[in-house]
Amino acid sequence: MRAMNYRGPYRVRVDEKAMPRIEHPRDAVVKVTRSCICGSDLHLYHGMVPDTRVGQTFGHEFCGIVEEVGPEVENLKAGDHVLVPFNIACGQCHFCKQGLFGNCHESNPQATAVGGIFGYSHTAGGYDGGQAEYARVPYADFGPTIIPDWMDPDDAVLLTDVVPTGYQAAEMAGIQKGDTVVVFGAGPVGILAARSAWLFGAGRVIVIDHIDYRLESVKSFAPAEVYNFKELDDVVVFMKKTTDGLGADVCIDAVGAEATGSMLQTILGKRLKLEAGSAIALHWAINSVKKGGVVSIVGVYGPTGNMVPIGNVVNKGLTIRANQASVKRLLPKLIEHVRTGNINPKAIISHRVPLDDIADAYHIFSDKLDECIKPVLLPSGA
Amino acid sequence: MSDTNLALRISNPSKAVDTQSIVGWGVDADPQNDPTYPYRNRTEDNHSGEWRRPTQQEAQVELLKSVEHKWLPAVFGTASPPSGVSGSMRRLAFRWSESNWAHWLLLIAADRVNMIEGLVEDLGRGHVPNIPKEMGVPAEWRHNKAGLLKKLAVAAAIGGTVTGLIVAKRNAGKREPSAS
């Protein structure tokens, strides 16, 4: 089968690889119909995540048709069209029982902090992902969800990660009616976080980024006040001034490890990799939120240490909540939001690219060329 | 709480104290007052490290397991087993826990070595990788010609300067013996 093949930072291609097979009684093999490149795939692509091995296939956002199931999978059959949450979760361990499906304890030998994730380095379990014609799906009796007949597959594939992640960012923030919410990052997750903030009753939503076309896309999807931080003297001072000197009620970090905006963070985190990426968006979130406010983090950071202003967290009495989205927990609610039109995920798709052109797709997304917001990959024959 | 439930909640029952003897124990335990609610599901037995484990996947490739794990998780990926020099570095990294920088920095270093191994592996089986294509240069040409030309000009300038310096140094080295 044809599959993406990582060859090192900034280098990917499509090669022939062995077909995935059932390796556990709860596995399924799925023929991929849609997959996406996620903003967090770019952290892998840029060599930011430890234990990203040459030869691995990325892709944690995909849906597809069930080809084969293992003997312990009784609720799926060949031919079912499923969306596959990016978390690989058993559904029965200590953490899954609490709905923390991003923290499953039975899916990742290499680390305990995070559960297994499709195509997301060996730090997240060493699984091949869905940027391929076929993928192995462990715990197939628990994770995959049959796509409703009425749902567009373009909406379905975005429910595997980006929509739940944006929604959980707003949920973890505990938004109260009328709150001022600031979202750092106007990528797909930031856009969805801004959209979700309205669903929780925010009174004002502000999105910060440094790329104008991304900010324009927020205005049409969310809609929110948008600001390019390169046009601001000081992001934090601006936020204080625009919120009566108090700060925002809630700040959401939807950027993660590769934030632009600080030379020091760029050198230490992005170039020398001595910390888990540049944490400047998180700095701004902590310093822009009001005392007693909430900072919600869904931007991906690596596992090494960070220079984070923890003293300000203490002195301001902040609540910080963060996690990988527990997709399976949120799906019933989000499917209903798509059905009723509260969220229209496919509107963020900007590029549809054949799998064989994956190197171009990664480069376009990484370098923000051609006004790219969200690329969807189509395997041959899909 | 019954003694049975108490035993379930304490990870090391031999060190359990009788909480009934602690004045006020549990009076503020209303989940509505808990900022972590509802993420922590208060089921009375959720401190237990035991659960009905899934069937164990058979390991047919070499796996590296975090020293923080009590057991091998039931399911795992088999994408790219450790191999070569980078594999040795990864095995070494897994001697340390996830809280240790040595663990992560060794893995990052192993990734860089692995990239070179990948190149050697390609050449070893007679495949010369099309690196510009793998890096998306055709897309750069389509969407950012000026940027690409600028990058090429900068690369050519740096390359030319370095070559010039090397040639100049070599020529100076050749002249020195005749001068002495």
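Check the entry above for the structure.
Residues numbered from 1 in each chain as written. Chains lettered and ligands numbered in written order. Predicted model: local features only at pLDDT ≥ 70, side-chain atom pairs only at ≥ 80, totals over all residues. Heavy atoms only, no water.

Novice: How should I be thinking about the overall build of chain B in this particular structure?
Specialist: Counting its secondary structure elements, chain B contains six helices and zero strands. Listing each helix as α and each strand as β along chain B from the N terminus yields α-α-α-α-α-α. By residue count, 25% of the 180 residues in chain B fall in the buried class. Look at the contacts in chain B between residues 6 or more apart in sequence, and 31% of them connect residues 24 or more apart. Just so you have it, chain B exposes about 11900 Å², and 60% of that area is on carbon and sulfur atoms. (Helix = DSSP H or I, 4+ residues; strand = E, 2+ residues; numbered from the N terminus. Buried < 20%, exposed > 50% of the residue type's maximum accessible area, 1.4 Å probe, protein only. Contact = heavy atoms within 4.5 Å. Areas by Shrake-Rupley, 256 points an atom, 1.4 Å probe, with all protein chains shown as cover.)

Novice: Just checking my understanding: could you explain the environment of Ala194 of chain A for this structure?
Specialist: Residue and element names in this part refer to chain A. Looking at where Ala194 falls in the secondary structure, it is placed in helix α4 (residues 188-199). For the pair Ala194 and Ala224, spaced 30 residues apart in sequence, the C-alpha to C-alpha distance is 7.1 Å. Dropping the residues within four chain positions of it, Ala194 is found in contact with Val183, Val205, Val207 and Ala222.

Novice: What's the story with the state of the cysteines in this structure? I'm lost.
Specialist: A full pass over the atoms with the stated rule returns zero disulfides over all chains. Free cysteine: Cys372 of chain A, not disulfide-bonded; nearest cysteine sulfur from Cys36 of chain A at 11 Å. (Disulfide = S-S within 2.5 Å.)

Novice: What is the right way to look at the nonpolar core in this model?
Specialist: Note on soluble globular proteins: their nonpolar side chains tend to be buried together. Core analysis: the largest hydrophobic core is formed by 82 residues, its most contacted members being Leu159, Val207 and Tyr362 of chain A. What Leu159 of chain A contacts, discounting residues up to four positions off in sequence, is Leu83, Met151, Pro164, Val327, Leu331, Leu334, Ile335 and Val338 of chain A. Judged by nonpolar contacts, the second largest core, of 27 residues, contains Val82, Cys104 and Ala135 of chain A together with Ala74 of chain B. (Core = buried A, V, L, I, M, F, W, Y, C linked by side-chain atoms within 4.5 Å.)

Novice: Can you help me understand the pairing of strand β3 (residues 28-36) of chain A in this one?
Specialist: All names here are of chain A. Summarising burial for β3: eight of the nine residues are buried, a large majority. Pairing of β3 with strand β4 (residues 62-69) involves seven bridges; the strand directions are antiparallel. Paired with Ala28 across the two strands is Val69, which belongs to β4. Pairing of β3 with strand β8 (residues 134-137) involves four bridges; the strand directions are antiparallel. Bridge pairing in β8 places Val29 opposite Arg136. (Pairing = 2+ DSSP bridges.)

Novice: Looking at this structure, I do not really get the sheet that holds strand β14 (residues 289-297) of chain A. What am I missing?
Specialist: The strands making up a sheet associate through backbone hydrogen bonding, with each pair oriented either parallel or antiparallel. Residue and element names in this part refer to chain A. Read across the open sheet, the six strands follow the order β12-β11-β10-β13-β14-β15; overall the sheet is parallel. Edge positions in the sheet fall to β12 (225-228) and β15 (319-322), since each of these pairs with one other strand and no more. With direction set aside, neighbouring strand axes in the sheet form an average angle of 20 degrees. With five bridges connecting them, strand β10 (residues 180-184) and strand β11 (residues 204-209) associate as parallel partners. Within the sheet, the bridge partner assigned to Val183 lies in β11 and is Val207. With respect to the sheet, helix α3 (residues 162-172) is in contact with β13 (248-253), β14 and β15, its orientation differing from that of β14 by roughly 155 degrees. Here α4 sits on the sheet and contacts β10, β11 and β13; the angle it forms with β11, its principal contact strand, is near 170 degrees. (Axes fitted to C-alpha atoms, helices over the stretch in contact; angles between N-to-C directions.)

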